[in-house]
Amino acid sequence: MNEETKNAILEKIREYDRIILARHVRPDGDAVGSSHGLAEILRLSFPDKEILVSDEDISDALEFTQTEETDPEILDYSNALAIVLDTANLERLANKRITEAKELIKIDHHIDRNPYGDISWVEDERSSVCEMIADFLYTFRDVLQCNLRAATLLYMGIITDSGNFKYSATNGDTLRLAGYLLDMGVDIQTLNSELELRPYEFYKFQACIFDKMKLTENGVAYLYVDKEMQERFHLTRSQASDSVDFMSGIRGTLVWIAFIDNPDGSIRVRLRSRFMPINNLAERYDGGGHANASGATVNSLREMQALVKDADALIKEYKENNGGWI
Ligand SMILES: [Mn+2]
């Protein structure tokens, strides 16, 4: 698929002596895996070229990848080729200066509502950009070099973005390309341990969440991580916010919501759903996002209750008018 585009990208890579890679802010496994996996492949394949990853906001959870990034401010973008990965639109860029590069290539798997770049390779049915980079590597396997580190980074992006091959974007290509990377010797026990193991205190926090979680009549699960709870468990903002995922496994619960006290007195809302969309509800409360994952803000306990009530009414309506949900 897209053989012409892939060929054009390889030609551009050959053309430039300096290549700078970039990705979206608050990087996930796919953003880190695809930018550093491709960087590693390019360094091995073209040792005379200067290959740099330009962002500096690595997440704590991915520090184990020991990836090195260069301060965007000290980079020379003139005569450089930029490759932007996993970034749907330029506003999401961690390094906005990357657009100063002479030419820019977009490689992404989000719906292409905001096309950009001199060359754009977007396949929105792909599980991950790491799957696309693995495909690129496989397509040009006679030209490109790969090592265990690059294979591990790409494999990491595939499993994190596909939910360990559980999300519906997973298809035969995802598994074939993951298998191609595994054959290079990826240590899945170590990788999965790095990605999944949590400190003991994390489970104490989870137990507290399960104790406090509430369920509405029609199946909205919700919880409130107030300031007191954040202090008691020494939670970072992102740890408090991730608590929304604890509620994802309840049968009949099509919507689950976490409310997290912000330092400024407002309350951050994280909404998740399956089968039915949730973004319209988020938009009513100063937010928005994806069909099944959105964010919003409320300013009082009363507004929190109103949102829960609205979500409950939405579920009720959905369940009455649709079959097939679980
Ligand atoms: Mn991705």
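Predicted, not measured: the structure shown is a model, and the values here were computed from it.

**Quick word on the overall build of the chain**
Next, step 1: What the chain contains, in helices and strands, is eleven helices and eleven strands.
Next, step 2: Against the globule reference of 20 Å for 326 residues, the chain gives a C-alpha radius of gyration of 21 Å, in line with a compact fold.
Next, step 3: If you line up the chain on its principal axes, its C-alpha atoms span 60 × 45 × 40 Å.
Next, step 4: Among the 326 residues that make up the chain, the fraction classed as buried is 49%.
Next, step 5: Sequence separation of 24 or more characterises 62% of the internal contacts of the chain that already satisfy a separation of 6 or more.

**Overview of the coordination of the manganese ion**
For a metal with four donors in a tetrahedral arrangement, the ideal angle between donors is 109.5 degrees, while six donors in an octahedron ideally sit at 90 or 180 degrees.
Next, step 1: Binding of the manganese ion to the protein goes through Asp30 (OD), Asp86 (OD), His109 (NE2) and Asp161 (OD), at separations of 2.2 to 2.3 Å.
Next, step 2: The sequence pattern formed by the donor residues of the manganese ion is D-x55-D-x22-H-x51-D. Of the two residues, aspartate 86 sits in the loop between strand E3 (80-85) and strand E4 (103-108) while aspartate 161 sits in helix H4 (residues 148-161), which places them 75 residues apart along the sequence.
Next, step 3: Here aspartate 86 falls in the buried class, since its relative accessible area comes to 1%.

**Focus: the nonpolar core**
Next, step 1: Of all hydrophobic cores here, the largest spans 45 residues; its most connected members are Ile13, Ile19, Leu21, Ile83 and Ile107.
Next, step 2: Residues in contact with isoleucine 107, not counting those within four places in the same chain, are Ile9, Ile83, Val84, Leu85, Asp86, Trp121, Val129, Met132 and Ile133.
Next, step 3: With 22 residues, the next largest nonpolar core counts Ile257, Phe259, Ile267 and Tyr318 among its residues.

**Describing the packing of helix H3 (residues 129-139) against helix H5 (residues 172-182)**
Next, step 1: Relative to each other, H3 and H5 sit at 65°, their axes nearing to 10 Å. Two packed elements cross with a definite hand, and for H3 against H5 that hand is left-handed. Facing H3, whose interface residues are Glu131, Ala134, Asp135, Leu137 and Tyr138, H5 presents Asp173, Thr174, Leu177, Tyr180 and Leu181.

**So, the side chain of aspartate 312**
Next, step 1: One can find aspartate 312 in helix H11 (residues 301-321).
Next, step 2: Although buried, aspartate 312 forms no salt bridge, and the nearest oppositely charged side chain, lysine 316, lies 7.8 Å from it.
Next, step 3: Ignoring sequence-local partners within four residues, the contact set of aspartate 312 consists of Thr216, Glu217, Asn218, Gly219 and Val220.

**Focus on the packing of helix H1 (residues 3-15) against H3**
Next, step 1: At their nearest, the axes of H1 and H3 sit 11 Å apart, and the two run at 80° to each other. Considered as vectors, H1 and H3 are oriented roughly perpendicular to each other. Counted together, Glu3, Lys6, Ile9, Leu10 and Ile13 of H1 and Asp135, Phe136 and Thr139 of H3 form the full contact between these two elements.
Next, step 2: Among the residues forming the contact of H1 with H3, the class breakdown is four nonpolar, one polar and three charged.

**Focus on the pairing of strand E5 (residues 119-122)**
Next, step 1: What you see with E5 is a clean split: Ile119 and Trp121 sit on the buried side and Ser120 and Val122 on the side with no burial.
Next, step 2: Here E4 runs beside E5; their pairing, made up of four bridges, is parallel. Residue pairing for E5: aspartate 108 is matched across the bridge by valine 122.

**Considering the packing of aromatic side chains**
Next, step 1: Counted by the stated rule, this structure contains nine aromatic pairs.
Next, step 2: Here phenylalanine 202 and phenylalanine 246 contribute two aromatic rings whose centre-to-centre distance is 5.4 Å and whose plane-to-plane angle is 90°, an arrangement assigned as edge-to-face. Here the residue phenylalanine 202 occupies a position in helix H7 (residues 200-212), and phenylalanine 246 occupies one in the loop between helix H9 (237-242) and strand E8 (255-261), the gap between them amounting to 44 residues.
Next, step 3: Taken together, the aromatic side chains of Phe202, Tyr203, Phe205, Phe210, Phe233 and Phe246 make up a single cluster linked through ring pairs.
Next, step 4: Lying over the aromatic face of tyrosine 138, arginine 141 brings its terminal NZ or CZ to 4.1 Å of the ring centre.

**Brief notes about the sheet that holds strand E2 (residues 50-53)**
Next, step 1: Taking strand neighbours across the sheet as the criterion, the five strands line up as E2-E1-E3-E4-E5 in an open arrangement whose pairing is parallel. Each edge of the open sheet is held by one strand with a lone partner, namely E2 and E5. The sheet shows a mean angle of 15° between the axes of neighbouring strands, taken without regard to direction.
Next, step 2: Strand contacts of helix H2 (residues 29-45): strand E1 (18-23), E2 and E3, with the helix running at about 170° to E2, the strand carrying the most contacts.
Next, step 3: Lying on the sheet, H3 is in contact with E3, E4 and E5; it crosses E4 at an angle near 110°.

**Things to note about unusual backbone geometry**
Next, step 1: The residue aspartate 86 is not glycine, and still its phi comes out positive at about 60°.
Next, step 2: Despite not being glycine, asparagine 164 shows a phi value in the positive range, around 55°.
Next, step 3: The residue asparagine 164 is located in the loop between H4 and H5 in this model.

**Quick notes on H11**
Next, step 1: In this model H11 runs 31 Å from its N-terminal to its C-terminal C-alpha over 21 residues, within 8% of the 30 Å that 1.5 Å per residue would give.
Next, step 2: Within the sequence span of H11, burial applies to Met304, Leu307, Val308, Ala311, Asp312, Ile315 and Tyr318. For H11, the angular spread of the buried residues around the axis is 140°, confining them to a single face. More than 90 degrees from the buried face of H11, the exposed residues found are Arg302, Lys309, Glu320 and Asn321.

Parameters and conventions
Residues numbered from 1 in each chain as written. Predicted model: local features only at pLDDT ≥ 70, side-chain atom pairs only at ≥ 80, totals over all residues. Heavy atoms only, no water. Helix = DSSP H or I, 4+ residues; strand = E, 2+ residues; numbered from the N terminus. Rg over C-alpha atoms; globule rule 2.2 N^0.38 Å. Buried < 20%, exposed > 50% of the residue type's maximum accessible area, 1.4 Å probe, protein only. Contact = heavy atoms within 4.5 Å. Donors = N, O, S within 2.8 Å, 3.2 Å for Na, K, Ca; no water. Core = buried A, V, L, I, M, F, W, Y, C linked by side-chain atoms within 4.5 Å. Axes fitted to C-alpha atoms, helices over the stretch in contact; angles between N-to-C directions. Left-handed = near helix turned anticlockwise from the far one by under 90°. Lys, Arg positive; Asp, Glu negative; His and termini not counted. Salt bridge = Lys/Arg side-chain N within 4 Å of Asp/Glu carboxyl O. Parallel < 35°, antiparallel > 145°, perpendicular 65-115°, else oblique. Nonpolar A, V, L, I, M, F, W, Y, C, P; charged D, E, K, R; others polar. Pairing = 2+ DSSP bridges. Phe/Tyr/Trp six-rings, centres within 6.5 Å; stacked < 30°, edge-to-face > 60°. Lys NZ or Arg CZ within 6 Å of the ring centre and 35° of its normal. Expected span 1.5 Å × (residues − 1). Arc of directions from axis to C-beta.

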